[in-house]
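Structural overview for review
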Amino acid sequence: MGRPLSLANLAAFHLPAGCWGGACIEFPSCLRGFIEAASDAILDGMSTHRRAAHGTNVERQSERRMARSKGRTLGSPATASDKSPQGERLQKYLAHAGIASRRHAEELITAGEVMVNGQVVREMGTRVVPGRDEVRVRGEVVRPPDERGRLYVLLNKPLDTVTTARDERGRRTVLDLMPEEWRAQRVYPVGRLDRDTEGLLLLTNDGELTLSMTHPRYALEKEYHALVDGHPPREALERLAQGVALEGETRPTAPARVRTLRQAGPDTWLALVIHEGRKRQVRRMLEAVGHPVRRLRRVRVGPLALGELPAGQARLLSDDEVRRLRQETGLAPVE
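The following refers to the structure shown. Small disclaimer: the values here were computed from a predicted structure and weren't measured.

1. Section: the overall build of the protein chain
Counting its secondary structure elements, the protein chain contains 8 helices and 15 strands. The burial tally for the protein chain puts 39% of its 335 residues in the buried class. Only carbon and sulfur atoms are counted for the fraction: they give 50% of the accessible area of the protein chain, which is about 19,200 Å².

In structure tokens, the structure reads:
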């Protein structure tokens, strides 16, 4: 703060050293002057200290503003932005990405299974900026939902689930299988699968893509695996490949690609690839050649494959899958 009051600096306050012994007859007035001078020095020192402190605070505030402009808070590692007021909370980010519900996401964070920019994060207040911060769960990179608000979901629809957003009879719908965060983004099924048909179903809030995928001009291939009654002979498979007449329709089906996968006791698994979308078409085709369907699963739509996704589970499409899907339906890539 100011200079210390000691015999070493008495001269600075203009008080003769002899006054301290009481020899000076003007001691009271000298002492008064000494006190006034010392007070001025102390106040001057305090003022200097305040100015220095103020300068430090100004510099500190400037540094904070610069840090915020770079997307991180001063004092946090340059590789993370977990304290930044920007972005969204980590558990919400994980829920939006379809990794887990918010409650489960909090459990993952607490367990140390989530990393942000290479650092394990356990704090619930952590924030991340989608597209800038890298988030990993158990070592796997978490890809954020499309930044333009478009969501593309691939669902393995289970049996006894209706392909609709709402069912007046109270039956389970495909939206009941979606996380709340995805439903809030108003995703809807593209096309439909019967209640007793399982497999790949796309849900999205991209209306442009939905219109293109359901337009006859861009008829995407759809591949089904069907467990049928009996062992279809070559003649039955050839009829399917050439196109068959369906009951109640005058125009036969378009040629299909069909092959035998394997036999299962008295039944057979077949693979059929079609590009039309008539009501219950595969079931009606197989019924027409005398081998009704016992079980039916859709495994592919255009470039999208079901893979090993468990029944009732869903995942987001990769950037490459979205690009290829839009390309095959005549749409420009998402920018």
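2. Focus on the nonpolar core
Nonpolar side chains in soluble globular proteins tend to be buried together. Formed by 30 residues in total, the largest nonpolar core has its most connected members in V153, M178, L203, A226, L240, M285 and L286. Among the elements of the structure, β7 (152-157), β9 (198-204), β10 (222-229), α6 (234-242), β12 (267-274), α7 (281-288) and β13 (293-301) are those that each provide at least two residues to this core. The contact partners of L203, leaving out residues within four places of it in the chain, are L151, Y152, V153, L155, V174, L175, M178, V187, Y188 and P189.

3. Looking at the environment of L331
In this fold, L331 is placed in the segment after α8 (319-328). Excluding residues within four positions of it along the chain, L331 makes contact with E208, L209, S212 and R326.

4. A word on the side chain of R300
Its location among the elements puts R300 in strand β13. Judged by its relative accessible area of 19%, R300 is buried. Within the structure, R300 has its side chain in polar contact with the side chain of E221 (distance 3.0 Å). At 3.1 Å, the side chain of R300 forms a polar contact with the backbone oxygen of G302. Beyond its immediate stretch of four places on either side in the chain, R300 contacts L200, E221, K222, E223, R257, V273 and A305.

5. Regarding the pairing of β7
Counting buried residues in β7 gives 6 out of 6 residues, a clear majority hidden from the surface. In β7, alternate side chains face the same way, and those of Y152, L154 and N156 on one face and V153, L155 and K157 on the other are all buried. Relative to β9, β7 is paired through 6 bridges, and the arrangement is antiparallel. If you follow L154 over to β9, its bridge partner there is L202. With 3 bridges connecting them, β7 and strand β15 (residues 314-316) associate as antiparallel partners. Paired with L154 across the two strands is R315, which belongs to β15.

Conventions used here
Residues numbered from 1 in each chain as written. Predicted model: local features only at pLDDT ≥ 70, side-chain atom pairs only at ≥ 80, totals over all residues. Heavy atoms only, no water. Helix = DSSP H or I, 4+ residues; strand = E, 2+ residues; numbered from the N terminus. Buried < 20%, exposed > 50% of the residue type's maximum accessible area, 1.4 Å probe, protein only. Areas by Shrake-Rupley, 256 points an atom, 1.4 Å probe, with all protein chains shown as cover. Core = buried A, V, L, I, M, F, W, Y, C linked by side-chain atoms within 4.5 Å. Contact = heavy atoms within 4.5 Å. Polar contact = N/O pair within 3.5 Å; in protein donor to acceptor, adjacent residues only side chain to side chain. Pairing = 2+ DSSP bridges.

In short, shape yes, function no, at least from these values alone.
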